[in-house]
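Okay, here's what each chain looks like letter by letter:
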Amino acid sequence: MTTEAPSEPEPSAGRVLALLDKAIAAQSLLVHKNIARARQRNPDATPEQVIRTLERMYVSALTGTGAAVGGTAAAPGVGTGIALAMSAGEVFSSLELSALYALSVAEVHGVPIDEIERRRTIVLGVMLGGSGSATINKAAGRTGAHWGRQVVAKVPAETLKQINKVLGRNFVTKYGTKQGIIVLGRVAPFGIGAVIGGGANAAMASLAVRSARRAFGPAPATWPQPHP
């Protein structure tokens with residue numbers, strides 16, 4: 001009698017999470033610059049005003065990259081292989097933009113982002129939307145709104161590590177499949193790829209914005225004190 005070996009995670013799953021970690025690491029260093037950019041036109045802007053600016057910047061940037069890659073990929077003389085490579089590169093760019101947005105909003109709310117597990121929970125939770133918030137609250141044994149403040153800011157990093165294992169699996173299933181469809185759609189001919197790429201990215205950005213609003217709740221009335 002033979003026994004089957006336990007199934008191993010698909011290599012693609014590891015690659016997706018590795019790309020996410022790489023995006024989070026790169027963008028964590030740019031959070032303060034991103035917030036400063038959002039305050040550039042109005043240094044006296046309230047936290048709420050800055051968050052709204054961060055939302056607009058994020059939606060505009062993500063929509064633009066999707067449309068640009070889709071349009072270029074459909075241009076005459078661009079082979080399918082090159083088009084797919086360009087679109088795959090844009091997937092990483094979208095991860096970077098999403099990580100920067102989520103971490104910037106957390107920083108404005110005063111939620112600590114000093115530990116990698118907290119950063120992962122924030123980015124994964126925001127990108128997964130409602131399913132992410134449900135997973136976080138259930139795994140943390142808490143109920144109520146605004147998990148960004150109630151869970152990420154308060155539970156130990158070891159607990160967040162366990163939460164992130166579940167979120168990571170959900171992220172690979174949801175995001176990996178969705179991005180695979182979007183990548184193929186972007187290489188469609190006759191400019192259709194630009195419409196698909198821009199529209200898909202706009203929808204993804206809008207989901208993340210709504211998710212972040214639920215995660216963190218109303219913006220603080222004043223700017224929080226810097227973390228020691």
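Our structure's up above, just so we're on the same page.
Within each chain, residue numbers correspond to sequence positions counted from 1 in written order. For a predicted model such as this one, the threshold for reporting local features is a pLDDT of at least 70, and the threshold for listing and counting side-chain atom pairs is 80 or more; totals across whole chains, interfaces and linings nevertheless cover every residue. Hydrogens and water molecules were not included; the side-chain quantities draw on all heavy atoms of the structure.

1. Considerations on helix H5 (residues 116-128)
Put simply, DSSP H or I for four residues or longer makes a helix, DSSP E for two residues or longer makes a strand, and each gets a number counted from the N terminus. What a helix is expected to span follows from its residue count: subtract one and scale by 1.5 Å. Helix length check: H5, at 13 residues, gives a terminal C-alpha distance of 18 Å against a target of 18 Å (1.5 Å per residue), a fit within 8%. Of all the 13 residues making up H5, 11 are buried; the element is thus mostly covered by neighbouring parts of the structure. Residues of H5 that are buried include every one of Glu117, Arg118, Arg119, Thr121, Ile122, Val123, Leu124, Gly125, Val126, Met127 and Leu128, and no others. Once H5 ends, the next one or two residues include Gly129, with phi positive near 70 degrees. Relative accessibility thresholds used throughout: buried, under 20% of the residue-type maximum; exposed, over 50%; partly exposed, between the two (1.4 Å probe, protein chains only).

2. Observations regarding the nonpolar core
The tendency in soluble globular proteins is for nonpolar side chains to be buried side by side. Ranked by internal contacts, the top residues of the largest apolar core, which has 49 residues, are Ile122, Val123, Val151, Phe171 and Phe216. The leading source of residues in this core is helix H4 (residues 80-108), at 9 residues. In contact with Val123, not counting residues within four places along its chain, are Leu20, Ile24, Ala99, Ala102 and Leu103. Here the nonpolar core consists of buried residues drawn from Ala, Val, Leu, Ile, Met, Phe, Trp, Tyr and Cys, with membership extended through side-chain atoms lying within 4.5 Å. We call two residues in contact when some of their heavy atoms are within 4.5 Å.

3. Section: the packing of aromatic side chains
Aromatic pairing here means that ring centres of Phe, Tyr or Trp (its six-membered ring) are within 6.5 Å. Orientation follows from the plane angle: under 30 degrees is stacked, over 60 is edge-to-face, and everything else is tilted. Counting across every chain of the model gives 2 aromatic pairs. Residues Tyr58 and Tyr101 carry aromatic rings whose centres are separated by 4.5 Å and whose planes lie at 5 degrees to one another, so their mutual orientation is stacked. Separated by 43 residues along the polypeptide, Tyr58 in helix H3 (residues 47-73) and Tyr101 in helix H4 bring together distant segments of the chain. By the burial criterion, Tyr58 is buried, and Tyr101 matches it. Above the plane of the ring of Trp223 lies Arg39, whose end atom (NZ or CZ) is 4.2 Å from the centre. Any Lys NZ or Arg CZ that is within 6 Å of a ring centre and within 35 degrees of that ring's normal is treated as a charge sitting over the ring.

4. Digging into the packing of H5 against helix H6 (residues 130-140)
Where H5 contacts H6, the two axes come as close as 5 Å, and the packing angle between them is 135 degrees. Between H5 and H6, the angle falls in the class oblique. Across the interface between the two elements, Thr121, Gly125 and Leu128 from H5 touch Gly130, Ser131, Gly132 and Ile136 from H6. Looking at the contact of H5 with H6, its residues break down into 2 nonpolar, 5 polar and no charged. The axes are straight lines fitted to the C-alpha atoms, using for helices just the contacting stretch, and the angles between their N-to-C directions are given from 0 to 180°. Here the angle decides the label: under 35 degrees means roughly parallel, over 145 means roughly antiparallel, 65 to 115 means roughly perpendicular, and every other value means oblique. Each residue is assigned to one class: nonpolar for Ala, Val, Leu, Ile, Met, Phe, Trp, Tyr, Cys and Pro, charged for Asp, Glu, Lys and Arg, and polar for all the others, Gly among them.

5. A look at the environment of Gly129
Positionally, Gly129 belongs in the loop between H5 and H6. Separated by 78 residues in sequence, Gly129 and Leu207 have C-alpha atoms that sit 6.6 Å apart. Beyond its immediate chain neighbours, meaning those up to four positions away, Gly129 contacts Leu207, Ser211 and Arg214.

6. As for the environment of Ile51
Residue placement: Ile51 occurs in helix H3. Taking the C-alpha atoms as reference, Ile51 lies 9.2 Å from His109; in sequence the two are 58 residues apart. The residues touching Ile51, leaving out its near neighbours within four places in the chain, are Val108, His109 and Ala219.

7. Describing the pattern of salt bridges
Salt bridges, as used here, are contacts in which a Lys or Arg side-chain nitrogen is within 4 Å of a carboxyl oxygen on Asp or Glu. In this structure the tally under the stated criterion is 5 salt bridges. Residues Glu117 and Arg120 are paired through a salt bridge, measuring 2.7 Å at the closest nitrogen-oxygen approach. One end of the pair, Glu117, and the other, Arg120, are both in helix H5, 3 residues apart, so they sit about a helical turn from each other. Through salt bridges with shared partners, one network takes in Asp21, Glu117 and Arg120.

Function cannot be inferred from these measures alone, as they are strictly geometric.
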